[in-house]
Amino acid sequence: MIAAAIGAIIVGVTLGVLGSGGSILTVPLLVYLVGHEEKAAIAESLAIVGFIALTGAINRAHRGQVDWNGVIRFAPASAIGAAVGSALLAPLLPGPVQLMGLGVLMLVAAQRMGRRTSEVSRKPKAAIWFILAGLGVGLATGLLGVGGGFMIVPALVLIGGLEMHRATGTSLALIALQCTIALVFSDQIGEIDLTTVALFAALGAAGALGGQRLASKFDHATLKRVFAIFLVLLAPAMIVRELIDLRSPDEPPDEGAETAPATGLEP
């Protein structure tokens, strides 16, 4: 559990520094380090990431780094996407398939984090782009248990015309909202381990607040590249492992190989 606790802090620090990315590690931590079943881990991730993001969003709001107009424009579609992903799509897929999808999303996140999103036009785009981006991020949240900040931040910069520091703060508010919606609609809400959620949420929130204080002391672009490299290394291993588990389910005992009746004689 010590390794899992350290992982929870890393999730929080990453969210605090980058405003994105850290939540994508929560499900793997819960599955591979804590040993929870995939679908329960996804529901737990929604609760953990939602709480951490809410803590960070409140702190950013006090600093004036949350663009509420951006939240209002992005939130309706992302909330709908989160509800659909959690209530309708997630129950249709086996847990290993969801984790394989998360692995693919990690590679997408790594690719996105390698881009320079700050050097763009500050002119906001049409509302339809907010709707499409919101639906996509919300579906990923409900289906895979991720906050989706690595997609929200570029969308807020490229579509909403926000500066990076306001985009990261606004992203945290949106993550908190859509994680809450996805958790409410999840059929696994009764399976979550409240002790694990509380531990991860508390350590992650502390890490997020600490990460926000450290954000100005490090080069943002360099940190993103380092995290992207980590995702590139982790994602393929995760996909392969889940593919093996999916193709090698537990086989029932051979009904034709019955145990010989006891005869009282030693062989």
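Here is a short report on the structure shown in this document. (Residues numbered from 1 in each chain as written. Predicted model: local features only at pLDDT ≥ 70, side-chain atom pairs only at ≥ 80, totals over all residues. Heavy atoms only, no water.)

Turning our attention to the overall build of the protein chain. Within the protein chain, the regular secondary structure consists of 10 helices and zero strands. Going from the N terminus to the C terminus, the protein chain shows its helices and strands as α-α-α-α-α-α-α-α-α-α. By residue count, 51% of the 267 residues in the protein chain fall in the buried class. A separation threshold of at least 6 residues defines the contact pool for the protein chain, and within that pool the share at least 24 residues apart is 84%. Of the roughly 12,800 Å² of accessible surface on the protein chain, a fraction of 67% belongs to carbon and sulfur atoms. (Helix = DSSP H or I, 4+ residues; strand = E, 2+ residues; numbered from the N terminus. Buried < 20%, exposed > 50% of the residue type's maximum accessible area, 1.4 Å probe, protein only. Contact = heavy atoms within 4.5 Å. Areas by Shrake-Rupley, 256 points an atom, 1.4 Å probe, with all protein chains shown as cover.)

With that out of the way, let us pick up the packing of helix α4 (residues 68–89) against helix α8 (residues 164–185). Where α4 contacts α8, the axes come no closer than 8 Å and their chain directions differ by 30 degrees. Of the possible angle classes, the one that applies to α4 and α8 is roughly parallel. Crossing of α4 against α8: the hand is right-handed. Facing α4, whose interface residues are Gly70, Val71, Phe74, Ala75, Ser78, Ala79, Ala82, Ala83, Ser86 and Ala87, α8 presents Thr170, Ala173, Leu174, Leu177, Gln178, Ile181, Ala182 and Phe185. Within the contact of α4 with α8, the residues separate by chemical class into 13 nonpolar, five polar and no charged. (Axes fitted to C-alpha atoms, helices over the stretch in contact; angles between N-to-C directions. Parallel < 35°, antiparallel > 145°, perpendicular 65-115°, else oblique. Left-handed = near helix turned anticlockwise from the far one by under 90°. Nonpolar A, V, L, I, M, F, W, Y, C, P; charged D, E, K, R; others polar.)

The next point concerns the packing of aromatic side chains. A complete count under the given rule lists one aromatic pair for this structure. With a centroid separation of 6.3 Å and 85 degrees between ring planes, the pair formed by Phe74 and Phe130 is classed as edge-to-face. In this pair, Phe74 is assigned in helix α4 and Phe130 in helix α6 (residues 127–144), connecting sequence segments 56 residues apart. Assessed through its relative accessible area of 0%, Phe74 is described here as buried. Given a relative accessible area of 3%, Phe130 falls into the buried group. (Phe/Tyr/Trp six-rings, centres within 6.5 Å; stacked < 30°, edge-to-face > 60°.)

The contact between α4 and α6 brings their axes to 6 Å, and the two run at 35 degrees. At the point where α4 passes α6, the crossing takes the right-handed sense. Residues Arg73, Phe74, Ala77, Ser78, Ile80, Gly81, Ala82, Val84, Gly85, Ser86 and Leu89 of α4 form the contact with α6, whose own contacting residues are Ala127, Phe130, Ile131, Ala133, Gly134, Leu135, Val137, Gly138, Leu139, Gly142 and Leu143. Looking at the contact of α4 with α6 residue by residue, the classes come out as 14 nonpolar, seven polar and one charged.

You can see Asp67 is positioned in the loop between α3 (38–62) and α4. Asp67 gets classed as buried once you look at its relative accessible area, which sits at 14%. Among the polar contacts made by the side chain of Asp67, one reaches the main-chain amide nitrogen of Gly70 at a distance of 2.6 Å. Setting aside its immediate chain neighbours within four residues, Asp67 contacts Leu162, Arg166 and Thr170. (Polar contact = N/O pair within 3.5 Å; in protein donor to acceptor, adjacent residues only side chain to side chain.)

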